[in-house]
Amino acid sequence: MSPPGSEPAPVAAVAPLVTARAVDRPFDYAVPPELDAAVRRGAIVEVELGSRRVRGVVTGRAQASDVAALKPVLAVAGEVPAALLGLAEWIAATYASTLARALALVTPPEAEARPPEPWVRVLSAEGATARQAEILAHAGLAPLPLSDLVAAAGTTRETLRRMRDRGLVAIEAMPPAPRTDVRVELTDAQAAAVAACVEALESGGGDVLVHGVTGSGKTEVYLRAIERALEQGRGAIVLVPEIALTPQAAARFTARFGATVAVLHSGLSPGRRGTEHRRIAAREARVVVGARSAVFAGVPDLGVIVVDEEHDASYKHEADPRYDARRVAAKRGRLERAVTVYGSATPRPEAWHGVARRVSLPARVGGRLPAVQIVDLRLDGGYPLTRPLLDALGEVEDGGGRAIVLQNRRGAAAALHCRTCARTWRCDRCDVALTLHGRRLRCHHCGAAEPMPKACPRCGSVDLAQIGAGTARVEAELQRRFPRLEVLRLDADIAAGRGEPEATLNRFRRSEAAVLVGTQLVAKGHDVPGVKLAAVIDADQALAVPDFRAEERAFALLTQLSGRSGRPGDARGRVIVQAWDPELRVVVLAARHAVGEFLEGELERRRALGYPPYRRLVRVLAAGPSGDVADGVSDAVRRAVEPALEGDVLLGPAPLFRLRDRFRSHLLIKTEHPLRAAAVLRGVVRDLSPDLRRARATAVVDVDPQSLS
Ligand code: ADP
Ligand code: ZN
Ligand code: ZN
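Residues numbered from 1 in each chain as written. Chains lettered and ligands numbered in written order. Predicted model: local features only at pLDDT ≥ 70, side-chain atom pairs only at ≥ 80, totals over all residues. Heavy atoms only, no water.

Asks: Account for the overall build of the protein, with residues named and values stated.
Replies: If you tally the helices and strands in the protein, you get 20 helices and 30 strands. Dimensions of the protein, computed from C-alpha atoms along their principal axes, come out at roughly 90 × 80 × 55 Å. Counting over 709 residues, the protein shows a buried share of 52%. Taking all contacts inside the protein whose residues are at least 6 apart in sequence as the whole, residues at least 24 apart take part in 75%. (Helix = DSSP H or I, 4+ residues; strand = E, 2+ residues; numbered from the N terminus. Buried < 20%, exposed > 50% of the residue type's maximum accessible area, 1.4 Å probe, protein only. Contact = heavy atoms within 4.5 Å.)

Quick look at the structure:
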């Protein structure tokens, strides 16, 4: 709004919410007098762009425009809060993206207003027909959404209304979620951690790292910090890594905070999502729990942002804008004077080094860390199941209980290899070895599959070797050797079906004697009581990746896995780590639970090599229909940016493996000025884009890349 006495500013700069880089700038529109007050910076407006009606966000107002005949702003459809608008501008600049793409992240979804979903509560079964009794059985004891019951019981709204008229059920507004949890007495370490969060909250914000093994009571710390924020009228966002784990994580928060919790996840229908966003904006929901993108939730007066399991790779968004939710959380915390709390049993070197306040929860609440035994695979011919592991599993089979076995590779075998001529079966389109699944060979990058051959097409030999064991082979072996154990498998092949991971985990929880075999999914934070044994088939395998983060990830994986063994109230757990090289630093330190020592060593190495957190990485990934095209793009980018990046280290172009028939190459920049690098690259890529289109090539800028393959 214009101050009294000055001329109203009749022009609004509007960033259209369209993805094309060619329109990556605000356009001027005329502000009709009746919309003058509403067309503020941050207003979501409707405008005409070309011949299309699109949504856009007002980035500013001006007295005049260079454009002669301005089109008018057509309508005002909402507002992006000021802090989120600033955040979007920061994201566009930091991740070399466009303002429109960044704005799309913080703009609440377009959703028609719908009346709140009614809920059904069972009153009585007296006088119900057989069919009605069946429906009542589907409803259960707790109230549930009407549409859920209609779907679950295969009935209609009309039937339910008739049941209401006969006094069998009540149909009413959503009941307040019950607060069901018990208040515990904080340990001294937890109290200190809460104090650090509250101090930051009350002194204008800041970062806190809560380092503690699984079960050490981190979640309780988050809950208390949020409680304080709520008392002060401020809201909270809790980020959790895996969408499959969100229901569990959300349950803890709902139990404490009741109906003021909103849960955001990718499985929400657009209508439900819209409802949740409205509840958040209207301050009905003050605590938001969700995965990565929940960091953009429009919580007014934000006080606390929690990033749980901060080491998890899913916090990086692998599409434009390639933002890192951990950095976004830190930035948002600064913009809104909120405290950002990171929690992990295995913090990243970046967090260990960069977060100002660090608090450690040294012990498990009422439990001890498991004893870890390292087994040398060279001395025991039993790959994938060595003698000590077989013995330990035998104890579970005899005595009951649960065991977890990690093999971080899907399928039956890692590769198929001709023993006569050494041919390895590879994907035609991706230059990677194919993996054996049942009787088929499959590419883990593009999904292409072919039947398993009977003979080698190059030399005719039928002596074909399956190299390495995948989860499916370990599963088969376990079934064969332990007929009385329930053998369950959890990996991406299983997880592809929706809801499957939860179902598998629930079966595992209920089983009297079971072993769960799987990829890294089994190492993540599921709270399963009574896990007696956790084992790793092949610890070296995680290190055989050409990535400077391989050690860090392997360490985190081993530590997370041993966290699965022996939870509070259980007897001390046991961990077996099989390794070809038992002297590996990662294996030895993980066995000793020596997180600090590992990280200090890792930081020294990073400093010497100029890796994060000492320098930031910016990667340009070029892809094209031939190796020459891909290299040519990388070369062109390098020549264009080099003069502007004084003091930065440029590595490459280096070729990468072919993926889905695209030849790839990348350029790596180690820099102390990532914003400058992003700005320079954004310009260079825009200037190159006509050439890129002609050559059917792409160039993607990735700031803080998480993978270099
Ligand atoms: P984390 O988030 O580190 O895995 P949780 O906060 O989930 O740990 O705590 C693990 C278990 O210990 C939970 O069942 C929790 O209720 C319980 N717990 C946490 N803090 C305490 C405490 N101070 N006293 C007793 N039990 C606690
Ligand atoms: Zn051969
Ligand atoms: Zn492939």
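Asks: Residue-level account of the pattern of salt bridges, with values.
Replies: Taken as a whole and assessed by the stated rule, the structure comprises 48 salt bridges. A salt bridge links E602 to R605; the nearest nitrogen and oxygen atoms lie 2.7 Å apart. A residue pair is termed a helical-turn pair when its members lie 3 or 4 positions apart in one helix, as E602 and R605 do in helix 18 (residues 595–609) at 3 residues. Residue classification places E602 among the buried residues on the basis of a relative accessible area of 0%. (Salt bridge = Lys/Arg side-chain N within 4 Å of Asp/Glu carboxyl O.)

Asks: Explain the pairing of strand 29 (residues 662–671) to me, using residue names and the numbers behind them.
Replies: Taken across its 10 residues, strand 29 has 8 buried, putting it largely inside the fold. Of the pairings in the sheet, the one linking strand 28 (residues 649–659) to strand 29 comprises 7 bridges and is antiparallel in character. When the sheet's bridge partners are listed, L651 is paired in strand 29 with L668. Here strand 28 hands over to strand 29 after 2 residues, with R660 in that stretch at a positive phi of 50°. (Pairing = 2+ DSSP bridges.)

Asks: Pulling in residues and values, what's your account of the site of ligand 1?
Replies: Within the structure, ligand 1 sits among 15 residues, and E185, Q190, G215, T219 and R252 are positioned closest to it. Backbone polar atom of E220 to an oxygen atom of ligand 1: 3.2 Å apart, as the coordinates give it. When ligand 1 is considered free in solution it has 560 Å² of accessible area, and contact with the protein chains removes 75% of it. No other element matches helix 7 (residues 218–231), which puts 3 residues into the shell around ligand 1. (Near = heavy atom within 4 Å. Polar contact = N/O pair within 3.5 Å; in protein donor to acceptor, adjacent residues only side chain to side chain. Areas by Shrake-Rupley, 256 points an atom, 1.4 Å probe, with all protein chains shown as cover.)

Asks: Tell me about the domain arrangement of the protein, and please be specific about residues and values.
Replies: Assigned domains within the protein: domain 1 (11–106), domain 2 (119–172), domain 3 (188–357), domain 4 (371–410 + 469–606), domain 5 (413–468) and domain 6 (616–703). Here the C-alpha centroids of domain 3 and domain 6 sit 34 Å apart. Across the boundary between the two partners, domain 3 contributes 4 residues, which contact 5 residues of domain 6. With both chains or domains summed, domain 3 and domain 6 bury close to 330 Å², and 35% of this area falls on carbon and sulfur atoms. Along the contact surface separating domain 3 from domain 6 lie 2 salt bridges. One salt bridge connects D702 with R322, and the closest N-O pair in it is separated by 3.8 Å. Counting the contacts that link domain 3 with domain 6 gives 2 residue pairs in polar contact (both at pLDDT 80 or more). Partitioning the side of domain 3 that touches domain 6 into residue classes produces no nonpolar, no polar and 4 charged. (Domains from an automatic or database assignment. Buried area = accessible area lost by both parts, 1.4 Å probe. Nonpolar A, V, L, I, M, F, W, Y, C, P; charged D, E, K, R; others polar.)

Asks: Could you give an account of the coordination of the zinc ion (ligand 2), naming the residues involved and the relevant values?
Replies: Expected angles at a metal are 109.5 degrees for tetrahedral coordination by four donors and either 90 or 180 degrees for octahedral coordination by six donors. For the zinc ion (ligand 2), the full set of protein donor atoms is C418 (SG), C421 (SG), C456 (SG) and C459 (SG), and the range of their distances to it is 2.3 to 2.4 Å. Note that the zinc ion (ligand 2) binds 4 donor atoms; their angles at the metal cover 103 to 115°, and the shape is tetrahedral. Sequence spacing among the residues donating to the zinc ion (ligand 2) works out to C-x2-C-x34-C-x2-C. The exposure class assigned to C421 is partly exposed, which follows from its relative accessible area of 23%. (Donors = N, O, S within 2.8 Å, 3.2 Å for Na, K, Ca; no water. Tetrahedral: all angles 85-135°; square planar, octahedral: opposite > 155°, others 65-115°.)

Asks: Which residues make up the side chain of R402, and what values do they have?
Replies: Checked against the element boundaries, R402 lands in strand 17 (residues 401–406). No salt bridge is formed by the buried R402. Its closest oppositely charged neighbour is E512, at 6.4 Å. Only 2.5 Å separates the side chain of R402 from the backbone oxygen of S511, close enough to count as a polar contact. (Lys, Arg positive; Asp, Glu negative; His and termini not counted.)

Asks: Before we move on, could you go through the sheet that holds strand 28 and cite the residues and values that matter?
Replies: Spatially, the 4 strands line up as an open sheet ordered 28-29-27-30, and their pairing is antiparallel. Here the strands that pair on one side only, and so sit at the sheet edges, are strand 28 and strand 30 (698–703). Between one strand and the next, the sheet's axes are offset by a mean angle of 20°, whatever the strand orientation. When strand 27 (residues 616–624) meets strand 30, the two strands line up antiparallel, connected through 6 bridges. Across the sheet, the residue bridging to A623 is T698, located in strand 30. Lying over the sheet, helix 19 (residues 627–641) contacts strand 27, strand 28, strand 29 and strand 30, oriented at roughly 20° with respect to strand 29. (Axes fitted to C-alpha atoms, helices over the stretch in contact; angles between N-to-C directions.)

Asks: Describe in detail the nonpolar core, supporting the description with residues and values.
Replies: Generally speaking, nonpolar side chains in soluble globular proteins are found buried as a group. By size, the foremost hydrophobic cluster in this structure holds 101 residues, and its most contacted members are V288 and V637. Top contributing element to this core by residue count: helix 20 (residues 674–694), with 8 residues. Here V288 is in contact with A236, I237, V238, A262, L264, I280, A294, A297 and V299, once residues within four sequence places are set aside. Of all hydrophobic cores here, the second largest spans 31 residues; its members include A193, A200, V261 and V287. (Core = buried A, V, L, I, M, F, W, Y, C linked by side-chain atoms within 4.5 Å.)

Asks: Before we move on, can you summarise the environment of D24 with the specific residues and values?
Replies: Positionally, D24 belongs in the loop between strand 1 (11–16) and strand 2 (27–30). For the pair D24 and A88, spaced 64 residues apart in the sequence, the C-alpha separation amounts to 13 Å. Non-local contacts of D24, meaning those with residues more than four positions away in its chain, are made with S97, T98, L99 and R682.

Asks: Which residues make up helix 9 (residues 270–281), and what are the values?
Replies: An ideal rise of 1.5 Å per residue puts 16 Å on 12 residues; helix 9 measures up with 16 Å between its terminal C-alpha atoms. Within helix 9, burial applies to G271, G274, E276, H277, R279 and I280. Buried residues along helix 9 sit in contact with strand 11 (261–264) and strand 12 (287–290). One or two positions beyond helix 9, positive phi appears at R283, with a value near 65°. (Expected span 1.5 Å × (residues − 1).)

Asks: I'd love a proper account of helix 12 (residues 387–399), names of residues and values included.
Replies: One turn of an α-helix holds 3.6 residues; hence residues three or four places apart share an orientation. For helix 12, with 13 residues, the first-to-last C-alpha span of 18 Å sits near the 18 Å given by 1.5 Å per residue. When we look at burial in helix 12, the residues that qualify are L389, L390, A392, L393, G394, V396 and E397. Structurally, helix 12 contributes buried residues whose contacts are with strand 17, helix 13 (471–481), strand 24 (513–518), strand 25 (531–536) and strand 26 (574–579). Positioned one or two residues after helix 12, G400 has a phi angle of 85°, which is positive.

Asks: Let's hear about the packing of aromatic side chains: which residues, and what values?
Replies: Within the structure shown, the criterion is met by 5 aromatic pairs. Taking the centre distance of 4.2 Å and the plane angle of 5° together, the rings of F548 and Y611 count as stacked. With a gap of 63 residues between them, F548 in the loop between strand 25 and helix 16 (550–563) and Y611 in the loop between helix 18 and strand 27 connect regions that are remote in the sequence. Comparing F548 with Y611 shows no difference in burial state: the two are buried. One cation-aromatic arrangement involves R423 over W425; the distance from NZ or CZ to the ring centre is 4.6 Å. When the ring centre of Y611 is taken as origin, the NZ or CZ atom of K670, which lies over that ring, is 4.3 Å away. (Phe/Tyr/Trp six-rings, centres within 6.5 Å; stacked < 30°, edge-to-face > 60°. Lys NZ or Arg CZ within 6 Å of the ring centre and 35° of its normal.)

Asks: Could you give an account of the side chain of T155, naming the residues involved and the relevant values?
Replies: With respect to the secondary-structure elements, T155 resides in the loop between helix 4 (146–153) and helix 5 (157–165). Beyond its immediate stretch of four places on either side in the chain, T155 contacts R131, I135, L149, V150 and L160.

Asks: Describe unusual backbone geometry, naming the residues involved and giving the relevant values.
Replies: Of note, the amide linkage connecting P612 to P613 takes the cis form, showing an omega dihedral of 5°. Position of P613 relative to the elements: it lies in the loop between helix 18 and strand 27. In this model, D301 sits at a positive phi of 50°, which is unusual for a non-glycine residue. Positive phi outside glycine occurs at A422, with the angle close to 70°. For A422, the location among the structural elements is in the loop between strand 18 (413–418) and strand 19 (435–437).

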